[in-house]
Amino acid sequence: MVGGVEEEFAAAQELLGCMGSNVMYCGAVGTGQSAKICNNMLLAISMIGTAEAMNLGIRSGLDPKLLAKILNMSSGRCWSSDTYNPVPGVMDGVPSSNNYQGGFGTTLMAKPSSKMRFPTSLNVLPPACLIQDLGLAQDSATSTKSPILLGSLAHQIYRMMCAKGYSKKDFSSVFQYLREEETF
């Protein structure tokens, strides 16, 4: 997702293609960042929703693998359930099956936006940066007067997780956090 002068994007497109296979021109400077934070906000919300649904189903007596299979063939299917399931043992090769190690850190999802810096006038966010921040979504929502009720709640949940020691775990550890929080 790239924002900037279209001619500059066209000149850099081949190079950008080396960084990822899905290079999209979004418009003026800042629109690439906007697309990225919208995507990441939806990812955070869907991960929390998947974790909540899985937790509820397990506590209701459902086998986690069976529940995941049902969700993934039904209208609740999403990337968080079918590709990156947050429940340990449901999928191999994802952070939840490795004590939430590796993957995309909770701190990156929740860290304050005031420390964010974006390279180049094209507003290119290299995949290695993994700058996926709900704080930026909050800032954008405030400046555009856009209600993001679930995005704000997701930001609050990930910040609470960081305060409770989850900052070095993958963001899918929200499932583990919910399992440990009996007071909600």
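- The name given to the protein in an unreviewed UniProt entry is 3-hydroxyisobutyrate dehydrogenase, mitochondrial, with the source organism recorded as Neotoma lepida.
- Quoted verbatim from the Pathway (unreviewed entry) field of UniProt, the annotation for the protein is "Amino-acid degradation."

Notes on the pattern of salt bridges
- One pass over the structure, following the stated rule, counts one salt bridge.
- Its salt-bridge partner being D82, residue R77 comes within 2.8 Å of it at the nearest N-O pair.
- Given the relative accessible area of 47%, R77 is considered partly exposed.
- Given a relative accessible area of 27%, D82 falls into the partly exposed group.

Examining helix α6 (residues 134-144)
- When α6 is considered as a whole, its buried residues turn out to be L134, G135, L136, A137, Q138 and A141.
- Within two residues after α6, K145 carries a phi angle of roughly 55 degrees, on the positive side.

So, the packing of aromatic side chains
- By the definition in use, this model includes five aromatic pairs.
- Between Y158 and F171, the ring centres sit 6.4 Å apart and the planes meet at 50 degrees, which makes this aromatic pair tilted. Taken together, the positions of Y158 in helix α7 (residues 149-166) and F171 in the loop between α7 and α8 (174-180) put the pair 13 residues apart, joining distant regions of the chain. An identical accessibility class is assigned to Y158 and F171; each is buried.

Let's talk about the nonpolar core
- Formed by 30 residues in total, the largest nonpolar core has its most connected members in M54, Y158, M161, F171, V174 and F175.
- For this core, the secondary-structure elements that each account for two or more residues are α2 (31-59), α3 (64-72), α6, α7 and α8.
- For this core, the element with the most residues is α2, which contributes eight residues.

Regarding the confidence of the model for the protein
- Per-residue pLDDT for the protein has a mean of 85; in total, 85% of the residues score no lower than 70.
- The element-level mean pLDDT for the protein is lowest in helix α5 (residues 106-110), coming to 70, with α3 highest at 98.
- Confidence drops under a pLDDT of 50 for residues 113-131, and excluding neighbours within four residues, the segment shows 43 contacts in the predicted structure.

Brief notes about the side chain of Q138
- Counting through the fold element by element, Q138 comes out in helix α6.
- There is a polar contact of 2.7 Å between the side chain of Q138 and the side chain of S152.
- Excluding anything up to four places from it in sequence, Q138 contacts I148, G151, S152 and H155.

Comments concerning the packing of α2 against α7
- The contact between α2 and α7 brings their axes to 9 Å, and the two run at 70 degrees. One finds that α2 runs roughly perpendicular with respect to α7. Facing α2, whose interface residues are M41, A44, I45, M47 and I48, α7 presents L150, G151, A154, I157 and Y158.
- Residues that form the contact of α2 with α7 fall into these classes: nine nonpolar, one polar and no charged.

A few points about a nonpolar patch on the surface
- A surface patch of nonpolar side chains, amounting to about 230 Å² of accessible area, comprises L62, L66 and I70.
- Looking at the secondary structure, you find L66 in helix α3.
- Assessed through its relative accessible area of 42%, L66 is described here as partly exposed.

With respect to α3
- Within the sequence span of α3, burial applies to L67, A68 and L71. Down the axis of α3, the sector holding all buried residues measures 100 degrees, keeping them to one side.
- Here the buried face of α3 lies against α2.
- For α3, the capping residue at the N-terminal end is D63, with a side-chain oxygen 3.1 Å from the backbone nitrogen of K65.

Cut-offs applied
Residues numbered from 1 in each chain as written. Predicted model: local features only at pLDDT ≥ 70, side-chain atom pairs only at ≥ 80, totals over all residues. Heavy atoms only, no water. UniProt positions renumbered as here; feature names shortened; annotations may be inferred. Salt bridge = Lys/Arg side-chain N within 4 Å of Asp/Glu carboxyl O. Buried < 20%, exposed > 50% of the residue type's maximum accessible area, 1.4 Å probe, protein only. Helix = DSSP H or I, 4+ residues; strand = E, 2+ residues; numbered from the N terminus. Phe/Tyr/Trp six-rings, centres within 6.5 Å; stacked < 30°, edge-to-face > 60°. Core = buried A, V, L, I, M, F, W, Y, C linked by side-chain atoms within 4.5 Å. pLDDT = per-residue confidence, 0-100. Contact = heavy atoms within 4.5 Å. Polar contact = N/O pair within 3.5 Å; in protein donor to acceptor, adjacent residues only side chain to side chain. Axes fitted to C-alpha atoms, helices over the stretch in contact; angles between N-to-C directions. Parallel < 35°, antiparallel > 145°, perpendicular 65-115°, else oblique. Nonpolar A, V, L, I, M, F, W, Y, C, P; charged D, E, K, R; others polar. Patch = residues over 30% accessible without salt bridge, like charges linked within 9 Å, V, L, I, M, F, W, Y side chains within 5 Å. Areas by Shrake-Rupley, 256 points an atom, 1.4 Å probe, with all protein chains shown as cover. Arc of directions from axis to C-beta.

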